[in-house]
Amino acid sequence: MKTMALFAITAVAEILGCWLVLFAKQPGRSLGWLLPAALSLAAFAWLLSLHPAASGRVYAAYGGIYVAVALIWLALVDRVPIGRWDLVGGAMMIPGASIIVLANWRST
């Protein structure tokens with residue numbers, strides 16, 4: 001669970017950083033928003049580096065959690081309704097990420 005929580009926090013940092021870049025590009029917005037965007041993306045990279053496993057495996061497992069967090073962001077921040085197929089796809093990602101994390105956690 002600790003690994004999955006760290007993945008979720010990492011995903012929020014990545015999504016926030018990208019979202020702030022898009023926010024800064026909107027007409028009438030200050031490019032000053034790029035500084036917190038860069039800090040958020042740096043936090044994302046640092047958080048992802050906290051995992052002791054091989055980076056390719058970490059990225060693969062993280063991808064599943066990222067999708068789920070991105071769908072939550074879509075609903076809560078962007079206020080876009082989540083559709084049935086969004087839920088089905090997101091629900092399929094979590095077990096895959098869990099298998100990668102748990103199977104390799106037990107074998108190390």
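Check the entry above for the structure.
This text gives an overview of the structure that appears in the document. Note that the coordinates shown come from a computational prediction; the quantities given were computed from them, not determined experimentally.

All right, on to helix α1 (residues 2-25) then. An ideal rise of 1.5 Å per residue puts 34 Å on 24 residues; α1 measures up with 35 Å between its terminal C-alpha atoms. Listing the buried residues of α1 in full gives M4, F7, T10, A11, A13, E14, I15, G17, L20, F23 and A24.

Now for the nonpolar core. The tendency in soluble globular proteins is for nonpolar side chains to be buried as a group. Of all hydrophobic cores here, the largest spans 16 residues; its most connected members are F7, L48, Y62 and I65. When residues of this core are traced back to their parent elements, those giving at least two are α1, α2 (34-48), α3 (55-76) and α4 (84-107). It is α3 that contributes the most residues to this core, six residues altogether. Excluding its chain neighbours within four sequence positions, the residues that come into contact with Y62 are F7, T10, A11, E14, F44 and L48.

So, on to a nonpolar patch on the surface. A contiguous nonpolar patch, built from I72, L76 and V77 and spanning about 280 Å² of accessible area, is present on the exposed surface. Along the chain, V77 turns up in the loop between α3 and α4.

Here we come to the environment of Q26. Positionally, Q26 belongs in the loop between α1 and α2. By relative accessible area, Q26 is classed as partly exposed at 37%. When the C-alpha positions of Q26 and A5 are compared, they lie 32 Å apart, and in sequence the two are 21 residues distant.

Here α1 crosses α2 at 155 degrees, and the two axes come no closer than 8 Å. Taken together, the axes of α1 and α2 lie roughly antiparallel to each other. By crossing handedness, the relation of α1 to α2 is classed as left-handed. On α2, the residues touching L6, F7, I9, T10, A13, E14, L16, G17, C18, L20, V21 and A24 of α1 are L34, P36, A37, S40, L41, A43, F44, L47 and L48.

Procedures and definitions
Residues numbered from 1 in each chain as written. Predicted model: local features only at pLDDT ≥ 70, side-chain atom pairs only at ≥ 80, totals over all residues. Heavy atoms only, no water. Helix = DSSP H or I, 4+ residues; strand = E, 2+ residues; numbered from the N terminus. Expected span 1.5 Å × (residues − 1). Buried < 20%, exposed > 50% of the residue type's maximum accessible area, 1.4 Å probe, protein only. Core = buried A, V, L, I, M, F, W, Y, C linked by side-chain atoms within 4.5 Å. Contact = heavy atoms within 4.5 Å. Patch = residues over 30% accessible without salt bridge, like charges linked within 9 Å, V, L, I, M, F, W, Y side chains within 5 Å. Areas by Shrake-Rupley, 256 points an atom, 1.4 Å probe, with all protein chains shown as cover. Salt bridge = Lys/Arg side-chain N within 4 Å of Asp/Glu carboxyl O. Axes fitted to C-alpha atoms, helices over the stretch in contact; angles between N-to-C directions. Parallel < 35°, antiparallel > 145°, perpendicular 65-115°, else oblique. Left-handed = near helix turned anticlockwise from the far one by under 90°.

By themselves these figures say nothing about function.
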